[in-house]
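# Observations on the three-dimensional arrangement
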Amino acid sequence: MKQYLVLFLSVLILVGCSSEVDDTDIIDGEDDTSVEGFEDAAADFTKTEFEDPAHVKILEELDVCLMIDQDSTVFATCSPENFRIMPFKNGVDVKDAFILQMKAGIVLKGQAAPLPERNVLIFERDAGQLVKVNGFRGDLTATRGGTNGAKDLVVTFYSKEEETFFDCIFKWSGTSYDFKFVEGVNWGEGFKPIKESMMDSVSKDIYTDLMQNSKIF
């Protein structure tokens, strides 16, 4: 990822010095405010009630939060202000396959430190037990109907070191979500889609960096 960003920033510097250099060598010029075909899935942590009573039972089973608010502890309560649950597989009950979004700054039950950023976990039930099949230290921002009976995901990651956001596409393989490519980048002026000719090399560099920094786990 650093190689890509160095190249990209170099292009921007050259653009400022000469009108003959075009940043579309790496990205398309238009702002990309929404990924084509995807629906907004950003978590709304302002709600006071869960959409489905099953969500409370799921959190109780996971045992990551307190069912009743207690003044004597910093642990997060099992409330829609801290957690969001949504299905991702067609025709499968949410209690057996779901996406769990967790708000940044909360302290999970049994943990000592708050989550530094939003977390997204994918769970499936296997032999009666809930099993985590994916984890992302980022923000689920959009979904769409995908292949293999499960939704495609857009997960937005933030690189504090580079002060840059990345929209990454994940597709269901049949047993877990696989990284496919980076859809766009945002260094503070809105998301811009990556040029198709640069997609593979840029995606490879960013994926390597995300793995090295445990953004995907």
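Criteria and thresholds
Residues numbered from 1 in each chain as written. Predicted model: local features only at pLDDT ≥ 70, side-chain atom pairs only at ≥ 80, totals over all residues. Heavy atoms only, no water. Helix = DSSP H or I, 4+ residues; strand = E, 2+ residues; numbered from the N terminus. Contact = heavy atoms within 4.5 Å. Phe/Tyr/Trp six-rings, centres within 6.5 Å; stacked < 30°, edge-to-face > 60°. Buried < 20%, exposed > 50% of the residue type's maximum accessible area, 1.4 Å probe, protein only. Core = buried A, V, L, I, M, F, W, Y, C linked by side-chain atoms within 4.5 Å. Polar contact = N/O pair within 3.5 Å; in protein donor to acceptor, adjacent residues only side chain to side chain. Pairing = 2+ DSSP bridges. Salt bridge = Lys/Arg side-chain N within 4 Å of Asp/Glu carboxyl O. Axes fitted to C-alpha atoms, helices over the stretch in contact; angles between N-to-C directions.

### Regarding the environment of Phe 75
- For Phe 75, the position within the fold is in the loop between helix H2 (54–62) and strand S2 (83–87).
- Each C-alpha atom, one on Phe 75 and one on Pro 114, is 8.9 Å from the other, the two residues being 39 residues apart in sequence.
- Sequence-distant contacts of Phe 75, that is, excluding residues within four places in its chain, are made with Leu 66, Val 107, Leu 108, Lys 109, Gly 110 and Gln 111.

### Some words on the packing of aromatic side chains
- All chains considered together, the criterion is met by 10 aromatic pairs.
- With centroids separated by 5.1 Å and ring planes inclined at 55 degrees, the aromatic side chains of Phe 88 and Trp 172 adopt a geometry described as tilted. Taken as a pair, Phe 88 in the loop between S2 and strand S3 (97–102) and Trp 172 in strand S8 (residues 164–172) lie far apart in primary sequence, 84 residues in all.
- Judged by relative accessible area, Phe 88 falls into the buried class, the value being 1%.
- Judged by relative accessible area, Trp 172 falls into the buried class, the value being 3%.
- Ring centres of Phe 136 and Phe 157 lie 6.4 Å apart, and the angle between their planes is 75 degrees; this geometry places the pair in the edge-to-face category. Here Phe 136 is found in strand S5 (residues 129–136), whereas its partner Phe 157 is found in strand S7 (residues 151–159), with 21 residues between them in sequence. By the burial criterion, Phe 136 is buried, and Phe 157 matches it.
- Grouping aromatic residues by their ring pairs yields a cluster made of Phe 136, Phe 157, Phe 170, Phe 179 and Tyr 207.

### A look at the nonpolar core
- Ranked by size, the top nonpolar core spans 28 residues in total, and within it Ile 122, Phe 136, Leu 153, Phe 170 and Tyr 177 carry the most contacts.
- Every element with two or more residues in this core is listed here: S3, strand S4 (119–126), S7, S8, strand S9 (177–186) and helix H3 (199–212).
- One finds Leu 59, Val 64, Met 102 and Leu 115 within the second-largest nonpolar core, a separate group that totals 20 residues.

### A closer look at the environment of Arg 84
- One can find Arg 84 in strand S2.
- As a C-alpha pair, Arg 84 and Ala 43 span 41 residues in sequence and 6.6 Å in three-dimensional space.
- If sequence neighbours within four positions are ignored, Arg 84 has contacts with Ala 41, Ala 42, Ala 43, Phe 45, Ile 99, Leu 100 and Gln 101.
- Only 2.7 Å separates the side chain of Arg 84 from the backbone oxygen of Ala 41, close enough to count as a polar contact.

### Side note on the pairing of S3
- The buried fraction of S3 amounts to six of the six residues, a majority that puts the element mostly inside the structure.
- Neither face of S3 is exposed, since Ala 97, Ile 99 and Gln 101 on one face and Phe 98, Leu 100 and Met 102 on the opposite face are all buried.
- Judged from the five bridges that link them, S2 and S3 form a sheet pairing that is antiparallel. Of the residues in S3, the one forming a bridge with Arg 84 is Gln 101.
- Relative to S4, S3 is paired through six bridges, and the arrangement is antiparallel. Pairing of Met 102 across the sheet is with Asn 119, part of S4.

### Quick look at the pattern of salt bridges
- Scanning all chains against the criterion turns up 10 salt bridges.
- Two residues, Arg 125 and Glu 61, come together in a salt bridge whose shortest N-O distance is 2.8 Å. Here Arg 125 is found in strand S4, whereas its partner Glu 61 is found in helix H2, with 64 residues between them in sequence.
- Owing to a relative accessible area of 25%, Arg 125 belongs among the partly exposed residues under this scheme.
- Relative accessible area serves as the criterion here: at 40%, Glu 61 is assigned to the partly exposed category.
- Across the pair Glu 117 and Lys 215 runs a salt bridge, and its minimum N-O distance is 3.0 Å. Pair noted here: Glu 117 is in the loop between S3 and S4 and Lys 215 is in the segment after H3, with a separation of 98 residues, a long-range link.

### Overview of the sheet that holds S3
- Taken in spatial order, the four strands line up as S2-S3-S4-S5 in an open sheet, and their pairing is antiparallel. At either end of the open sheet lies a strand with only one pairing partner, and these are S2 and S5. Strand-to-strand twist in this sheet, taken as the mean axis angle between neighbours without regard to direction, amounts to 25 degrees.

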